[in-house]
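Now for the letters of each chain:
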Amino acid sequence: MKLQLERPLCFFDLETTGINITSDRIVEIAVLKLYPDEKIEKQVWLVNPEMLIPAEVSEIHGITNDIVANSPTF
């Protein structure tokens, strides 16, 4: 399906330490921006959640404690 855009459209994606919105934290923020001329921009930021990422969660998104250890905090 081809989108007929008149203005840019952004998609946001978050990866987190789990699914509990009151206690889990963000570990990755991604933005994909589509332009009417079909140009695409993508930006990804890793975030140190200042808590351990459970192994079962790392298996889902592939982001481990070692990967985010030196990333900025949110």
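Each remark here, short or long, concerns the structure printed above.
Residues numbered from 1 in each chain as written. Predicted model: local features only at pLDDT ≥ 70, side-chain atom pairs only at ≥ 80, totals over all residues. Heavy atoms only, no water.

## Observations concerning the packing of aromatic side chains
The geometry of an aromatic ring pair comes down to the distance between the two centres and the angle between the two planes. The condition is simple: Aromatic contacts are taken between Phe, Tyr and Trp rings whose centres are within 6.5 Å, Trp giving its six-membered ring; a plane angle under 30 degrees counts as stacked, one over 60 as edge-to-face, and the others as tilted. A ring is scored as having a charge over it whenever the NZ atom of a lysine or the CZ atom of an arginine sits within 6 Å of its centre and within 35 degrees of its normal.
Enumeration according to the criterion identifies zero aromatic pairs in this entry. The positively charged end of Lys39 is found above the aromatic ring belonging to Tyr35, 4.7 Å away from the centroid.

## Here's the deal with the pairing of strand 3 (residues 40-46)
Short version of the rule: Note: two strands are recorded as paired if DSSP finds a minimum of 2 bridges between them. Runs of E in the DSSP output that reach at least two residues are strands. Runs of H or I that reach at least four are helices, and both are numbered from the N terminus.
Pairing of strand 2 (residues 26-34) with strand 3 involves seven bridges; the strand directions are antiparallel. Directly across from Lys33, in strand 3, lies its bridge partner Glu41. Linking two consecutive strands that pair antiparallel, namely strand 2 and strand 3, is a turn of five residues; a positive phi of about 75° is found at Glu38 within it.

## Some remarks on the pattern of salt bridges
Threshold: The working definition used for a salt bridge is a side-chain nitrogen of Lys or Arg within 4 Å of a carboxyl oxygen of Asp or Glu. Partly exposed describes any residue whose relative accessible area lies between the buried limit of under 20% and the exposed limit of over 50%, with all areas from a 1.4 Å probe on protein chains only and scaled to the type maximum.
Inspection of every chain in the model, using the stated rule, returns two salt bridges. Between Lys2 and Glu38 there is a salt bridge; the shortest N-O distance is 2.5 Å. Remark: Glu38 occurs in the loop between strand 2 and strand 3 and Lys2 occurs in the segment before strand 1 (9-16); sequence separation between them is 36 residues. For the pair Lys2 and Glu38, one class covers both residues: exposed. We note a salt bridge from Lys39 to Glu41, for which the minimum N-O separation is 3.4 Å. For Lys39, a relative accessible area of 42% puts it in the partly exposed group.

## Remarks on the sheet that holds strand 1
Applicable threshold: Note on geometry: axes are lines fitted to C-alpha atoms, helical ones only across the stretch in contact, with angles between N-to-C directions running from 0 to 180 degrees.
In spatial order, the strands read 1-2-3; together these three strands make up an open sheet with antiparallel pairing. The open sheet has two edge strands, strand 1 and strand 3, and neither has a second partner. Each neighbouring strand pair of the sheet contributes to a mean axis angle of 10°, computed without reference to strand direction. As paired elements, strand 1 and strand 2 share eight bridges and run antiparallel to each other.

## A look at the nonpolar core
Rules: Remark: nonpolar core denotes a set of buried residues (Ala, Val, Leu, Ile, Met, Phe, Trp, Tyr, Cys) joined through side-chain atoms within 4.5 Å. The contact rule is simple, with two residues in contact once any of their heavy atoms fall within 4.5 Å.
In terms of nonpolar packing, the biggest core is built from five residues, these being Val27, Ile53, Val57, Ile63 and Val68. Once residues lying within four places of it in the same chain are set aside, the contact partners of Ile53 are Thr17, Val27, Ser58, His61, Ile63, Thr64, Asn65 and Val68.

It is worth stressing that arrangement in space is one thing and function is another; only the former is reported here.
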